[in-house]
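A closer look at the structure
If you want the building blocks of each chain, they are given just below.
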Amino acid sequence: TLSDRLADTFKNLRGKGRLSEADIDATAREIRIALLEADVALPVVKEFVGAVKDRARGEEVSGALNPAQQIIKIVNEELVTILGGETRRLRYAKSGPTVIMLAGLQGAGKTTLAAKLALWLKDQGKSPVLVACDLQRPNAVKQLQVNGERVGVPVFAPEAGNGVGDPVSVARASIEEAGRKLYDVVIVDTAGRLGVDAELMQQASDIRDAVNPDEVLFVVDAMIGQDAVVTARAFLDGVGYDGVVLTKLDGDARGGAALSIASLTGRPVMFASNGEKLTDFDLFHPDRMASRILDMGDMMTLIEQAEKTFDQDQAMKAAAKLSGQGGEFTLDDFLEQMQQVRKLGSMSKIMGMLPGMGQFREQLENFDEREIDRIQAIIQSMTPSERANPKMIDGSRRARIAKGSGRMVSDVNQLVDRFFEARKMMMQMARGGGMPGMPGMPG
Ligand code: GDP
Ligand code: MG
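Residues numbered from 1 in each chain as written. Chains lettered and ligands numbered in written order. Predicted model: local features only at pLDDT ≥ 70, side-chain atom pairs only at ≥ 80, totals over all residues. Heavy atoms only, no water.

Observations concerning the side chain of Ser-174
For Ser-174, the location among the structural elements is in helix 7 (residues 167-181). Ignoring sequence-local partners within four residues, the contact set of Ser-174 consists of Val-131, Phe-156 and Val-186. (Helix = DSSP H or I, 4+ residues; strand = E, 2+ residues; numbered from the N terminus. Contact = heavy atoms within 4.5 Å.)

Structure below.
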């Protein structure tokens, strides 16, 4: 996965307080591979990675994130933007029934989706009707009728039955029927071919002209990968559409088709179909799809938490101190840093989300959060000048501090040692990159 590969890349990244060209290149390479593995079309990958690199170069350095995390955050934001940002909602007609027409290849999942969408609309208090305009495939009408029955939504079909009749007349008649019976949403299911062809496009256009849809939805199987782009283009030219529905997202497709189609057509993905059951359906969520494409697991959650929690000012202060400006790193800073870490939540949970952190797992499982309270008690028993200058804490001071905090002298000794250790480690990290918020972790 991308997380695994980035974990390796992380090792070479150096936090110099700025994203270096080498850092950007290394991460961009991994992202490029991840996108290609997710079946995103090559021209889309190229353009996308280029845009990410441009943005990464201009980016302010964040106190909470290391360079790789920062680039991932940019990637995620760009993905979400291309995928439509916010979920695009259906546009309902201002008067009369809302007409939704489905188009796509045979087997894309249109008929299944028609019923799923009808059920979803019904649950929102609408009274939809399904219209069978696939008169091509034997049993297509029957399939819609069976599905309609299962979701309790009426189906409008040609009286002649399967395989006969003119889909355009059926489509036209269905609008009149909706007016008569006060259905407020008309869902028009259409025929597909195994491949794109002129006759299919013509029929779909004719149906479109007959019903004047409020929304034409292009239904596409997420599993067809790279071919999705060709099909999406053909339907855009041949019929045109307002939004995209991705089906079969329950399969192992990583969803690159969503990005390719959205990027190349500028049409938002509106719904996601993810299973054979008629309830396996939801609005499309660009942010979730972005994580799926990147295969980042909980990485984004972690990044968000880290950003929310990490106090920027504090980070600046600490960084300044470590780089020799703004005075020395003190026990007060040490305590503050540990409290920041705690704010992030349970340490072991957090570390589990980070790629490449498996090596620390054992250490973390033994991490006792009450330890921070004990450390806090000891530090707070010190005078301000002792905290600012821990070197002055001699034997008699240690005894007094131990008494004041209700700890043993050995605890105080250990803390002071640990502080000097942490300060040394932080100086190295400040010079050589690494994770923020980690000093003070007892080892
Ligand atoms: P149409 O030719 O576009 O109308 O496609 P259908 O609705 O008939 O679906 C074709 C096949 O794909 C059927 O076997 C469906 O059960 C299946 N299918 C549709 N949507 C999904 C989905 O989201 N997940 C899975 N696993 N199968 C689906
Ligand atoms: Mg069908």
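Examining the packing of aromatic side chains
Evaluation of the coordinates by the stated rule reveals 7 aromatic pairs. Residues Phe-218 and Tyr-241 carry aromatic rings whose centres are separated by 4.8 Å and whose planes lie at 15 degrees to one another, so their mutual orientation is stacked. Remark: Tyr-241 occurs in the loop between helix 9 (227-238) and strand 6 (243-247) and Phe-218 occurs in strand 5 (residues 215-221); sequence separation between them is 23 residues. The class of Phe-218 is buried, set by a relative accessible area of 1%. What makes Tyr-241 buried here is its relative accessible area of 5%. With a centroid separation of 5.2 Å and 65 degrees between ring planes, the pair formed by Phe-419 and Phe-420 is classed as edge-to-face. Residue Phe-419 is classed as buried on the basis of its relative accessible area, which comes to 0%. Among the residues examined, Phe-420 registers a relative accessible area of 27% and is labelled partly exposed. Chaining the aromatic ring pairs together yields one cluster made of Trp-120, Phe-271 and Phe-281. If you follow Lys-126 out to its NZ or CZ, it ends over the ring of Tyr-92, 4.0 Å from the centre. (Phe/Tyr/Trp six-rings, centres within 6.5 Å; stacked < 30°, edge-to-face > 60°. Buried < 20%, exposed > 50% of the residue type's maximum accessible area, 1.4 Å probe, protein only. Lys NZ or Arg CZ within 6 Å of the ring centre and 35° of its normal.)

Focus: the nonpolar core
Grouped together as the largest cluster of nonpolar side chains are 98 residues, with contacts concentrated most on Leu-35, Leu-83, Leu-117, Ile-187, Phe-235, Leu-246 and Phe-271. When residues of this core are assigned to their parent elements, the largest contribution, 8 residues, is made by helix 5 (residues 110-123). Two domains share this core, each providing at least three of its residues, namely domain 1 (1-87 + 286-298) and domain 2 (98-284). With near-sequence residues (within four places) excluded, Phe-235 lies in contact with Ala-103, Gly-104, Leu-105, Val-196, Leu-200, Met-201, Phe-218, Gly-240 and Tyr-241. Counting 18 residues, the second-largest nonpolar core is a separate cluster that includes Met-338, Ile-372, Ile-378 and Ile-401. (Core = buried A, V, L, I, M, F, W, Y, C linked by side-chain atoms within 4.5 Å. Domains from an automatic or database assignment.)

Some words on the sheet that holds strand 4 (residues 185-190)
Taken together, the 8 strands give an open sheet; going across it, the order is 3-2-4-1-5-6-7-8, and neighbouring strands pair in mixed fashion. With one partner strand each, in any of the chains shown, strand 3 (155-156) and strand 8 (281-283) form the two edges of the open sheet. Across 4 bridges, the pairing between strand 1 (residues 98-103) and strand 4 is parallel. The partner of Met-101 across the bridge, within strand 4, is Val-188. Contacts from helix 6 (residues 140-151) reach strand 2 (128-133), strand 3 and strand 4, with the element oriented near 165 degrees to strand 2. Along the sheet, helix 10 (residues 256-265) makes contact with strand 5, strand 6 and strand 7 (269-273), crossing strand 6 at roughly 165 degrees. (Pairing = 2+ DSSP bridges. Axes fitted to C-alpha atoms, helices over the stretch in contact; angles between N-to-C directions.)

A look at the site of ligand 1
In the vicinity of ligand 1, 17 residues are found, and the nearest of them are Gly-107, Lys-110, Thr-112, Arg-137 and Glu-276. In this structure, an oxygen atom belonging to ligand 1 sits 2.7 Å away from a main-chain N or O atom of Lys-110. About the coverage of ligand 1: the protein hides 81% of its 570 Å² of free accessible area. For the shell around ligand 1, the element with the highest residue contribution is helix 5, accounting for 4 residues. For the shell around ligand 1, the residue count by class is 2 nonpolar, 9 polar and 6 charged. (Near = heavy atom within 4 Å. Polar contact = N/O pair within 3.5 Å; in protein donor to acceptor, adjacent residues only side chain to side chain. Areas by Shrake-Rupley, 256 points an atom, 1.4 Å probe, with all protein chains shown as cover. Nonpolar A, V, L, I, M, F, W, Y, C, P; charged D, E, K, R; others polar.)

With respect to the environment of Gln-339
As for its placement among the helices and strands, Gln-339 is situated in helix 14 (residues 331-343). Among the residues examined, Gln-339 registers a relative accessible area of 27% and is labelled partly exposed. Here the alpha-carbon distance between Gln-339 and Ile-372, two residues 33 residues apart in the chain, equals 7.6 Å.

Here we look at the pattern of salt bridges
As a working rule, side chains carrying opposite charge can pair if their charged atoms are close by. Summed over all chains, the structure comprises 21 salt bridges. Measuring nitrogen to oxygen at the nearest pair gives 3.1 Å for the salt bridge that ties Asp-54 to Arg-57. In this pair, Asp-54 and Arg-57 both sit in helix 3 (residues 42-58), 3 residues apart, roughly one turn of the helix. Put simply, Arg-288 and Asp-282 hold a salt bridge, and the shortest N to O gap is 3.8 Å. Relative accessible area serves as the criterion here: at 54%, Arg-288 is assigned to the exposed category. When its relative accessible area of 30% is taken as the criterion, Asp-282 is described as partly exposed. Counted as one network, the salt bridges with shared partners bring together Arg-55, Lys-73, Glu-77 and Glu-78. (Salt bridge = Lys/Arg side-chain N within 4 Å of Asp/Glu carboxyl O.)

Notes on the environment of Phe-419
Considering the arrangement of structural elements, one finds Phe-419 in helix 20 (residues 409-432). For the pair Phe-419 and Pro-390, spaced 29 residues apart in the sequence, the C-alpha separation amounts to 8.7 Å. Ignoring any residue separated from it by four or fewer positions in sequence, one finds Phe-419 in contact with Phe-329, Thr-330, Leu-331, Phe-334 and Pro-390.

Quick notes on helix 17 (residues 370-380)
Among the residues making up helix 17, those that are buried are Glu-371, Ile-372, Ile-375, Ile-378 and Ile-379. End-on view of helix 17: buried residues confined to an arc of 125 degrees, all on one side of the axis. (Arc of directions from axis to C-beta.)

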